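Coordinates in review
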Amino acid sequence: MATTDVLSEIRAAYARIGIELGAPVAYGTYYRLRCAGCGGTVGNVGDRLLPGMIDALLDDSFDLYAAGLLGCACGHQAARAEALDAPRAAAARARLT
Ligand SMILES: [Zn+2]
């Protein structure tokens, strides 16, 4: 799978949790992550991932996003997590906060 396919996979996976990929940094190897709610920077992601890896990665992080421990301080990712899977989000908040 070409890098562009992995990149669109990464883009789609982050879009579900309310994060947009910004401009490439570090010679196109890393992309800035922006909050889709307020535009704030929430980190970077590398494009050197294997196909399918980003979905597993973000699934692992779901509870942290849901509890507001990952993502933007404005709460957009927590709201997205709630919309995606309310029971899992509620369980994560109860366990982690
Ligand atoms: Zn935000």
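It should be noted that the structure appears before, not after, this text.
Residues numbered from 1 in each chain as written. Predicted model: local features only at pLDDT ≥ 70, side-chain atom pairs only at ≥ 80, totals over all residues.

Moving on: the overall build of the chain. Summing up its helical and strand segments, the chain has four helices and three strands in all. The helix and strand sequence of the chain, counted from the amino end, reads α-β-β-β-α-α-α. The C-alpha extent of the chain, read off along each of the three principal axes, is 40 × 25 × 20 Å. Out of the 97 residues belonging to the chain, those deemed buried represent 24%. Pairs at least 24 residues apart make up 43% of the contacts formed inside the chain by residues separated by at least 6 positions. (Helix = DSSP H or I, 4+ residues; strand = E, 2+ residues; numbered from the N terminus. Buried ≥ 20, exposed ≤ 12 C-beta atoms within 10 Å, placed from the backbone. Contact = placed C-beta atoms within 7 Å.)

Here the focus is the nonpolar core. Membership of the largest hydrophobic core comes to 18 residues, with the highest contact counts inside it found for Tyr14, Leu33, Tyr65, Ala66 and Ala81. Of all elements in the fold, only α1 (3-16), β2 (30-35), β3 (41-46), α2 (53-66), α3 (76-84) and α4 (86-96) reach the threshold of two or more residues within this core. Take this core: its biggest share by element is four residues, from α2. Here Tyr14 is in contact with Ile19, Glu20, Leu21 and Leu33, once residues within four sequence places are set aside. (Core = buried A, V, L, I, M, F, W, Y, C linked by C-beta atoms within 7 Å.)

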